[in-house]
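Each chain, written out:
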Amino acid sequence: MENSIELQNVSKKYKDFELKTISFNVPQGCIVGLIGENGAGKTTTIKSILNITKSEGTIKIFGKDSVKNEKEIKEETGVVLDDSFLSEYLTAKQVNSIMKEFYKTWNEEKYISLLKQFNLPTDKLIKDFSSGMKMKLKIATAISHNPKLLILDEPTSGLDPVVRNEILDIFRKYIEEDETRSILLSTHITTDLEHISDYIVFIEKGKMIFNLPTDELLENYGIIKCSKEDFTRLNKKDYIAYKKGKYQYEVLTSNKNNIRNRYNITTIDKPSIEDIMLLYIKGEK
Amino acid sequence: MIKGLLKKDLFNLASYKTSLIIIIVFCGIAIIGTDAINLAPTVICAIVGMISLSTFSYDEISKSNKYILTLPTNRKEIVKEKYILAIGATIFGGLLGILLTILVVNVMNYIRPENMINLDYKILITTALGGIFCISLLQAIQIPSVFKWGAEKGRIQMFISLFIIIAVIGGIYFLVTKFNININIEMLSDFINKFGLIILIALMVVMYFVSYKIAYKIYRNKEE
């Protein structure tokens, strides 16, 4: 399988934050979720991929160097950023007029039909749009030149569940239309990823914690709910982190079958991605 | 790609069209009501030239530079576009002022032949060029400052730079008068008459070029 994005040892140093040797791939035809709490390094990773910020390491997009072939790569990439767009003082109609100057493959018909599909007015200033409408406009703009790759930074933050679901549907359809398309989706709302992502990359304090297929993560990881006695029986190598509750211990393991077989513990819950992330961040090691 | 960036800025600036019409009307009235017939090119050029820089504020409010860097363009084109817009706006303002003056004077002379206004075209164009030069100087200082410090702080930096320039010129003038340094005014005036226009244009080209180089160097290393 070819990769749309390849990151190798990408690092970036700021005064108060450091992104440390991040390596992962976004295979063609896949949705990769980039998760982590706010300030973990997700946006810095995306900014490095897009060459908005200079970083160390190797970044290849469509097999090409991301800096040397910047324009060519960006022709085939659609981007949605949570906090940034062309201008708040434009209308959707003006956005169309601007974007066709940027992309050789800009599809005006597709853009107009997406605006209709999303019920977006063409002559209203973007600043008067609701958050959901703004996000839908950003997405319509990002996919109207038929990009091979979508890079989305927090596309669902601040949106209500109905709009979030609508937006996730758009991504699902986009990837289903062409098997060579890929999506890198950064979010701290991990529930969004459970149904649509193929891989999960978890970043914490600038360090990559894991990069795993979503199915494997949800199948193999487990949260053991046990007493203090059972917890003390556990070998440290068999769990990742734990949280001491009022009545029981919650212990995160990456191999729940191993725990079942070795310790004869049966109360192991299937965790959500959020549970895994929370125990990694807040749990004791 | 520069065309796309220009379109974005021009759409943003469209909100100034009412203000521009008011300024044109005001300048037209000033030409009729006062003797300041050469005022319009400088005023319109100054206002249009400075309005063009307000696109930086629009970009800042919408944090659009980060998004623009995700489009098939680059930092060089982003900086270049700002200069094209600034220079274009200044020249447009100057030309608009010249045309307005010619139009108003000729209409008034037609309506009131007993009260003829004498329009010296040479003075009009020289004044317009002087105005364009001053605005170019301001822009050449302000654009790199805005790229470095942002729209708000950049404006303050520009006023500081302008104050320093005025202080230096004032200082030179003070020294010349204090130490009675003789300057051959006739020769100087002759020189300006002969080469003034070329020097002015050459200075503008150099100013913008140096300013562009500095602005690009700043923006190339800036984190969005």
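The shown structure was predicted, so the numbers you read here are calculated from the model rather than taken from an experiment.

### Section: the overall build of chain A
Move 1: Counting secondary structure elements, chain A contains 11 helices and 14 strands.
Move 2: Taking 285 residues into account, the globule formula puts the C-alpha radius of gyration at 19 Å, and chain A, at 21 Å, falls close to it.
Move 3: Once the C-alpha set of chain A is aligned to its principal axes, its extents read approximately 70 × 40 × 40 Å.
Move 4: Among the 285 residues that make up chain A, the fraction classed as buried is 54%.

### Comments concerning the overall build of chain B
Move 1: A count of helical and extended segments in chain B gives 8 helices and 0 strands.
Move 2: In sequence order, chain B lays out its α and β elements as α-α-α-α-α-α-α-α.
Move 3: Across its three principal directions, the C-alpha atoms of chain B cover 60 × 55 × 25 Å.
Move 4: Counting the 224 residues in chain B, one finds 42% classified as buried.
Move 5: Counted over contacts in chain B with a minimum sequence separation of 6, partners at least 24 positions apart contribute 82%.
Move 6: If you average the places of the 21 positive and of the 13 negative side-chain charges in chain B, the two averages end up 10 Å apart.

### Topic: the side chain of N51(A)
All names here are of chain A.
Move 1: Note that N51 resides in the loop between α1 (42-49) and β4 (56-61).
Move 2: At a separation of 3.2 Å, a polar atom in the side chain of N51 contacts the side chain of E70.
Move 3: If near-sequence neighbours (up to four positions away) are discounted, N51 is found in contact with S66, V67, E70 and K74.

### Let's talk about the nonpolar core
Move 1: Counting residues in hydrophobic clusters, the biggest one holds 102 residues, and the most contacted among them are L86(A) and M99(A).
Move 2: The element contributing the most residues to this core is helix α6 (residues 161-177) of chain A, with 7 residues.
Move 3: In terms of nonpolar packing, the next biggest core, distinct from the first, is built from 18 residues, C27(B), V48(B), L119(B) and A128(B) among them.

### Notes on the confidence of the model for chain B
Move 1: A residue-level look at chain B finds 99% of positions with pLDDT of 70 or above and a mean pLDDT of 85.
Move 2: The least confident element of chain B is helix α2 (residues 17-33) of chain B, whose mean pLDDT is 80; the most confident is helix α1 (residues 2-13) of chain B, at 93.

### Considerations on the packing of aromatic side chains
Move 1: Following the criterion strictly, the structure yields 18 aromatic pairs over all chains and no others.
Move 2: Centroid distance F210(A) to Y221(A): 5.9 Å. Interplanar angle 55 degrees. Geometry classified as tilted. You can see F210(A) sitting in strand β10 (residues 207-213) and its partner Y221(A) sitting in the loop between α8 (214-220) and β11 (222-226), a full 11 residues away along the chain. The same class applies to F210(A) and to Y221(A), which are both buried.
Move 3: Centroid distance Y83(B) to Y208(B): 6.5 Å. Interplanar angle 90 degrees. Geometry classified as edge-to-face. Taken as a pair, Y83(B) in helix α6 (residues 75-111) and Y208(B) in helix α8 (residues 185-220) lie far apart in primary sequence, 125 residues in all.
Move 4: The exposure class of Y208(B) is buried, given its relative accessible area of 10%.
Move 5: An aromatic cluster is defined as three or more aromatic residues linked by ring pairs; in this entry it consists of F202(A), F210(A), Y221(A) and Y280(A).
Move 6: Cation over ring: R75(B) sits above Y219(B), and NZ or CZ is 5.1 Å from the ring centre.

### Details of the interface of chain B and chain A
Move 1: On the chain A side, the residues contacting the 28 residues of chain B number 30 residues.
Move 2: Remark: the boundary between chain B and chain A carries 4 salt bridges.
Move 3: A salt bridge links K3(B) to E101(A); its shortest N-O distance comes to 3.8 Å.
Move 4: Viewed at the interface, chain A and chain B are joined by 12 residue pairs in polar contact (both at pLDDT 80 or more).

### So, the pairing of strand β2 (residues 18-27) of chain A
Residues and elements named next belong to chain A.
Move 1: Where strand β1 (residues 3-13) lies against β2, 7 bridges are found, and the strand directions are antiparallel. Along β2, the bridge assignment pairs V10 with I22.
Move 2: Linkage of β1 to β2, two consecutive antiparallel strands, is achieved through a turn of 4 residues.

### Quick notes on a nonpolar patch on the surface
Residues and elements named next belong to chain B.
Move 1: On the surface, L188, F191, I192, F195, L197, I198, I199, I201, L203 and V205 cluster together into a nonpolar patch covering about 910 Å² of accessible area.
Move 2: With respect to the element layout, I201 can be found in helix α8.
Move 3: For I201, a relative accessible area of 41% corresponds to the partly exposed category.

### Details of the pattern of salt bridges
Note on pairing: side chains with opposite charge can pair once their charged atoms come close.
Move 1: Across all of its chains, the model carries 24 salt bridges over all chains by this definition.
Move 2: Note that K42(A) is salt-bridged to E154(A), the shortest N-O span being 3.5 Å. In this pair, K42(A) sits in helix α1 while E154(A) sits in the loop between β7 (149-153) and α6, placing the two residues 112 residues apart along the sequence.
Move 3: Overall, K42(A) belongs to the buried group, its relative accessible area being 4%.
Move 4: In the salt-bridge network here, residues are joined through shared partners; they are K8(B), D9(B), D59(B) and K82(B).

### Quick word on unusual backbone geometry
All names here are of chain A.
Move 1: Of note in the backbone geometry, N9 takes a positive phi value of approximately 50 degrees without being a glycine.
Move 2: Here N9 lies in strand β1.
Move 3: Take N9: its relative accessible area is 46%, and that puts it in the partly exposed class.
Move 4: The phi torsion at N51 lies on the positive side, around 60 degrees, for a residue other than glycine.
Move 5: When its relative accessible area of 16% is taken as the criterion, N51 is described as buried.

### Digging into the packing of helix α3 (residues 39-52) of chain B against α6(B)
Residues and elements named next belong to chain B.
Move 1: Direction vectors running N to C along α3 and α6 enclose 155 degrees, while the axes themselves pass 7 Å from each other. Taken together, the axes of α3 and α6 are roughly antiparallel relative to one another. In this structure, α3 meets α6 at a crossing whose hand is right-handed. The segment α3 lies against α6, with A40, P41, I44, C45, V48, G49 and S52 engaging L85, A86, A89, T90, F92, G93, G94, L96, G97, I98, L100 and T101.
Move 2: Its residues placed into classes, the contact of α3 with α6 shows 12 nonpolar, 7 polar and no charged.

Criteria and thresholds
- For every chain, the first residue of its written sequence is number 1, and the numbers climb from 1 along that sequence.
- Going through the entries in the order they are written, you letter the chains from A and number the ligands from 1.
- Reporting in this predicted model follows two pLDDT cut-offs: at least 70 for local features of residues, and 80 or more for side-chain atom pairs to be given and counted; totals over whole chains, interfaces and linings ignore these cut-offs and use all residues.
- For the side-chain quantities, the full set of heavy atoms in the structure was used; hydrogens and water were omitted.
- To qualify as a helix, a DSSP run of H or I must reach at least 4 residues; to qualify as a strand, a run of E must reach at least 2; elements of each kind are numbered from the N terminus.
- Note on method: radius of gyration uses C-alpha positions; expected globular size equals 2.2 Å times residues raised to 0.38.
- Only protein chains enter the area calculation, which uses a 1.4 Å probe; residues under 20% of their type maximum are buried, those over 50% are exposed, and those in between are partly exposed.
- Two residues form a contact once any of their heavy atoms are found within 4.5 Å.
- Under the counting rule used here, the positive set is Lys and Arg, the negative set is Asp and Glu, and His together with the chain ends is not counted.
- Charged side chains are reduced to one point each, which is NZ for Lys, CZ for Arg, CG for Asp and CD for Glu.
- Any N or O atom pair separated by 3.5 Å or less is treated as a polar contact, with the protein-specific requirement of one donor-capable and one acceptor-capable atom, and with residues adjacent in sequence counted only for side-chain atom pairs.
- To define a nonpolar core, start from buried Ala, Val, Leu, Ile, Met, Phe, Trp, Tyr and Cys residues and group those joined through side-chain atoms within 4.5 Å.
- On a range of 0 to 100, pLDDT expresses the predictor's confidence in each residue.
- Ring pairs shown here join Phe, Tyr and Trp side chains whose ring centres sit within 6.5 Å, with only the six-membered ring taken for Trp; geometry is labelled stacked below 30 degrees between planes, edge-to-face above 60, and tilted in between.
- We call a charge positioned above a ring when the Lys NZ or Arg CZ atom is no farther than 6 Å from the ring centre and deviates by at most 35 degrees from the ring normal.
- Any Lys or Arg side-chain nitrogen located within 4 Å of an Asp or Glu carboxyl oxygen qualifies as a salt bridge.
- The pairing criterion for strands is at least two bridges between them, as found by DSSP.
- Each patch is built from salt-bridge-free residues with over 30% relative accessible area, joining like charges within 9 Å and nonpolar side chains (Val, Leu, Ile, Met, Phe, Trp, Tyr) within 5 Å.
- Reported accessibility uses the Shrake-Rupley method at a 1.4 Å probe radius. Residues are deemed covered only where the shown protein chains occlude them.
- With axes taken as lines fitted to C-alpha atoms, and helix axes fitted only over the stretch in contact, angles between N-to-C directions fall between 0 and 180 degrees.
- Oblique is the label for every angle not falling under 35 degrees (roughly parallel), over 145 degrees (roughly antiparallel), or within 65 to 115 degrees (roughly perpendicular).
- Crossings are assigned a handedness: left-handed for a near helix turned anticlockwise from the far helix by less than a right angle, right-handed for a clockwise turn.
- Gly falls in the polar group here, along with every residue not listed as nonpolar (Ala, Val, Leu, Ile, Met, Phe, Trp, Tyr, Cys, Pro) or charged (Asp, Glu, Lys, Arg).

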